[in-house]
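Each chain, letter by letter, is given below.
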Amino acid sequence: MRALRIAPDTTVTEIDLPEPGTHSAIRDHIPTTGPVDQGLYHRRALLHIHGNGRAIGLAQNITAWALASAWRGSALYPLHGPVVVTGRSRDGDVAALDDDLARQAHTVAQTVRETVGQWRIRPPASDEAALSELLAYAARDVVLGQ
């Protein structure tokens, strides 16, 4: 089953999750032996997030945050650690990720890499300005990728 793994360093990796055993494989890709939270930010996708990522000090995942925020249409809470993105079936179960959503994730990741690179040359005025800028670019990428 097609899915993506988004790392905190902005790397997006295509993964093939086995059936059966999908949930165990997701846990291995995050990785955790603890809870895995599911976030519903798009009606056809699920984000699988380390349940204790923030508490144990995992790095913030701004790529996954930008994608989820753009899909939801507003700035969300920070996401920490690796995130696995899968599709979502009509009944809410894990499914293969659609091509258009995978494309959007790859595009947003590229935009995050480019934007963060530009911040080294031209730092944003504040953290709030940086997040607003990144969210605007991600929202544009999602709209153009539909």
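Here, residues in each chain are numbered from 1, in the same order as that chain's written sequence. Restriction of local features to residues with pLDDT of at least 70 applies here, the model being predicted, together with a cutoff of 80 or more for giving and counting side-chain atom pairs; totals for whole chains, interfaces and linings are based on all residues. Just so you know, side-chain values use all the structure's heavy atoms and leave hydrogens and water out.

Caption draft 1: Quick peek at the overall build of the protein chain. Of the regular secondary structure elements, the protein chain holds four helices and six strands. Going from the N terminus to the C terminus, the protein chain shows its helices and strands as β-β-α-β-β-α-β-β-α-α. What the globule rule says is 2.2 Å times the number of residues to the power 0.38, and the radius of gyration is computed from C-alpha atoms. For 146 residues, the compact-globule estimate of 2.2 N^0.38 gives 15 Å, and the C-alpha radius of gyration of the protein chain, at 15 Å, lies within 12% of that figure. In terms of its C-alpha atoms, the protein chain occupies a principal-axis envelope of roughly 50 × 35 × 20 Å. Counting the 146 residues in the protein chain, one finds 45% classified as buried. Each helix is a run of H or I in the DSSP string that is no shorter than four residues. Each strand is a run of E no shorter than two, and both are numbered from the N terminus. Three exposure classes are used, based on accessible area relative to the maximum for each residue type with a 1.4 Å probe and protein chains only: buried under 20%, partly exposed in between, and exposed over 50%.

Caption draft 2: Structural context of the side chain of Glu-133. Its location among the elements puts Glu-133 in helix H4 (residues 127–144). Accessibility expressed as a relative area gives 16% for Glu-133, which makes it buried. Two N or O atoms count as a polar contact when they lie within 3.5 Å, although within protein this holds only if one can serve as hydrogen donor and the other as acceptor, and sequence-adjacent residues are included solely when both atoms are side-chain atoms. At 3.2 Å, the side chain of Glu-133 forms a polar contact with the side chain of Arg-122. In what follows, residue pairs with any heavy atoms lying within 4.5 Å of each other are defined as contacts. Residues contacting Glu-133, with those up to four places away along its chain left out, are Thr-115, Trp-119 and Arg-122.

Caption draft 3: Representation of the packing of helix H2 (residues 62–72) against helix H3 (residues 99–121) in the model. Interhelical geometry of H2 versus H3 gives an angle of 125° and a closest axis separation of 9 Å. Classed by the angle they form, the pair H2 and H3 counts as oblique. The handedness of the crossing between H2 and H3 comes out as right-handed. Together, Ile-62, Thr-63, Ala-66, Leu-67 and Trp-71 of H2 and Leu-101, Gln-104, Ala-105, Val-108, Ala-109, Val-112 and Val-116 of H3 make up the contact between the two elements. Of the residues assigned to the contact of H2 with H3, the class counts are ten nonpolar, two polar and no charged. For helices, the fitted line uses only the C-alpha atoms of the stretch in contact; every axis is such a line through C-alpha atoms, and the angle between N-to-C directions lies from 0 to 180 degrees. Here the angle decides the label: under 35 degrees means roughly parallel, over 145 means roughly antiparallel, 65 to 115 means roughly perpendicular, and every other value means oblique. The sense of a crossing depends on the near helix, which, turned anticlockwise from the far helix by less than a right angle, makes the crossing left-handed and, turned clockwise, makes it right-handed. Nonpolar residues are Ala, Val, Leu, Ile, Met, Phe, Trp, Tyr, Cys and Pro. Charged residues are Asp, Glu, Lys and Arg, and all others, Gly as well, are polar.

Caption draft 4: Layout of the pairing of strand E1 (residues 2–6). Pairing of E1 with strand E2 (residues 12–16) involves five bridges; the strand directions are antiparallel. Bridge pairing in E2 links Leu-4 to Glu-14. One bridge is not enough; two strands pair if DSSP finds at least two bridges between them. From the end of E1 to the start of E2, which pair antiparallel, there are five residues, and Thr-10 there has a positive phi angle of about 80°. Bridge count for E1 against strand E5 (residues 83–88) is three bridges, and the pairing is antiparallel. Along E5, the bridge assignment pairs Leu-4 with Val-85.

Caption draft 5: Structural context of the pattern of salt bridges. Just to be clear on terms, a salt bridge is a Lys or Arg side-chain nitrogen sitting within 4 Å of an Asp or Glu carboxyl oxygen. One pass over the structure, following the stated rule, counts six salt bridges. Residue Arg-2 pairs with Glu-14 through a salt bridge whose shortest N-O separation is 3.0 Å. Residue Arg-2 is located in strand E1, and its partner Glu-14 is located in strand E2; the two are separated by twelve residues in the primary sequence. The salt bridge involving Asp-141 is made with Arg-140; its shortest N-O contact spans 3.0 Å. For Asp-141, a relative accessible area of 7% puts it in the buried group.

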